[in-house]
Amino acid sequence: MSSNYPKIPANEVTPEHIFLNRRKFMVGAGSAVGALALAACAPSLTSPAGPAGPSGDSAAVVDTGPEPVAGAATDELGDPLNTFQEITNYNNFYEFTVDKQAVARLSQDMPTSPWSVAVGGLVNNPGTYSVEDFKSMYDIEERIYRLRCVEAWSMVIPWLGFPLRQLLETVEPTAEAKYVRFETAYMPEHMPGLKSDWYEWPYVEGLRLDEAMNDLTLISTGLYGRDLLPQSGAPIRLVVPWKYGFKSIKSIVKIDLVAEQPTSLWMAAAGNEYGFYANVNPEVDHPRWSQGSERRIGETGRRPTLMFNGYEEQVAYLYEGMDLTANY
Ligand code: MTE
């Protein structure tokens, strides 16, 4: 299974001469992504009372980072990677704004270093880790995954990170632990979207313990050979490629092993539309739109959505005997 995914340490993905060959490029208004975004998905709630985000047509973000590089040009299905510009300029991060094209600009001042992640709850070895700790404890590998948003757009992203399983093995869940609960940083002074009282902040997500232990479940620290930018969930986020994108919680500060199924932010906001499982499933429509097809950012037209986002072989065993319509 894991042989489908290149496992390349970050320092091999991005050779030093490429890191040093810095360039500047302007992104933002008028890009192809920006134009497509207007035709994008419906707002996530029937009464979209998200924060009044700016229109996204103002100042561009100046990117002075190293050249984005990836270990392959396609995923294992042959689908081309989305560009770095696409991935970092069309984002969902409601703590900042509901305007996907404005997230990059509005999130630039979020402090991401130093950063610590408290891992605890029902574990034998609770601990608090910096991102540098994680990078020295675990091999950082590249995983090229499809990201399918519940809103029916998708991308192919070359993540860097390590399997969550490795961290769980470090902290040793006790026998009572059945779920993993994740929490995003709550920084009102930097996150204007937190003013919206439509959501119960902080952003919370959860996985069943066996889902969390699956080899595909990644804690990501970067993409395209670089550390994560704020809009992508810097400095550390979850990536669960067979589930709708909202499960892939950003900018994590807390991970707890718990006995009861956690209530996610989206379940609390609209539990009839966003369930705990949120497995990508073309046969179970969202109450307000079809999940049978999707729009790949950068492409015209639509493509069929794949069961479990194309990862059926690796994850179907987790849901044997479960009613996937009831457990949406
Ligand atoms: N995490 C937090 N903390 N806040 C968010 O609003 N949005 C989710 C998910 N993680 C979100 C989040 C949704 S709906 C999606 S589709 C993905 O992040 C988008 O990730 P991307 O912007 O890196 O593509």
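Residues numbered from 1 in each chain as written. Predicted model: local features only at pLDDT ≥ 70, side-chain atom pairs only at ≥ 80, totals over all residues. Heavy atoms only, no water.

So, about the site of the ligand. Surveying the vicinity of the ligand reveals 16 residues, the closest of which are Tyr94, Glu95, Arg237, Ser248 and Lys250. Between Thr184 and the ligand, the recorded distance is 2.9 Å, taken from a side-chain N or O atom to a nitrogen atom. Here a nitrogen atom of the ligand and a backbone polar atom of Ser248 are 2.9 Å apart. Using a 2 Å cut-off from the grid points, one finds that the ligand occupies the largest cavity. (Near = heavy atom within 4 Å. Polar contact = N/O pair within 3.5 Å; in protein donor to acceptor, adjacent residues only side chain to side chain. 1 Å grid on protein atoms, 1.4 Å probe; cavity = no way out; pocket = protein on both sides within 12 Å on 5 of 7 lines; lining within 4 Å. Sits in = over half its atoms within 2 Å of the grid points.)

The subject of this paragraph is the pairing of strand E5 (residues 141-148). Most of E5 is tucked away, with 8 of its 8 residues classed as buried. Along E5, one buried face is formed by Glu141, Arg143, Tyr145 and Leu147 and the opposite face, lined by Glu142, Ile144, Arg146 and Arg148, is buried too. Note that E5 and strand E6 (residues 153-163) share 8 bridges and pair antiparallel. Across the sheet, the residue bridging to Arg146 is Val156, located in E6. (Buried < 20%, exposed > 50% of the residue type's maximum accessible area, 1.4 Å probe, protein only. Helix = DSSP H or I, 4+ residues; strand = E, 2+ residues; numbered from the N terminus. Pairing = 2+ DSSP bridges.)

A few words now on the packing of aromatic side chains. In the structure shown here, the tally under the stated rule is 18 aromatic pairs. A ring pair is formed by Tyr90 and Trp153, whose centres lie 5.0 Å apart and whose planes are at 75°; its orientation type is edge-to-face. Taken as a pair, Tyr90 in the loop between helix H4 (84-87) and helix H5 (103-106) and Trp153 in strand E6 lie far apart in primary sequence, 63 residues in all. Given a relative accessible area of 4%, Trp153 falls into the buried group. Their ring planes at 45° and their centres at 5.4 Å tell us that Phe134 and Phe162 sit as a pair that is tilted. With Phe134 in helix H6 (residues 131-137) and Phe162 in strand E6, this pair connects stretches of sequence that are 28 residues apart. Of the residues examined, Phe162 reaches a relative accessible area of 0% and is grouped as buried. Each member of the aromatic cluster is reached from another via a ring pair, and the members are Tyr94, Tyr199, Trp201, Phe246, Trp266 and Tyr274. Here the guanidinium or amino end of Lys100 rests over the ring plane of Tyr90, the centre of that ring lying 6.0 Å away. Positioned above the aromatic ring of Phe276 is the side chain of Lys247, whose terminal nitrogen or guanidinium carbon lies 4.3 Å from the ring centre. (Phe/Tyr/Trp six-rings, centres within 6.5 Å; stacked < 30°, edge-to-face > 60°. Lys NZ or Arg CZ within 6 Å of the ring centre and 35° of its normal.)

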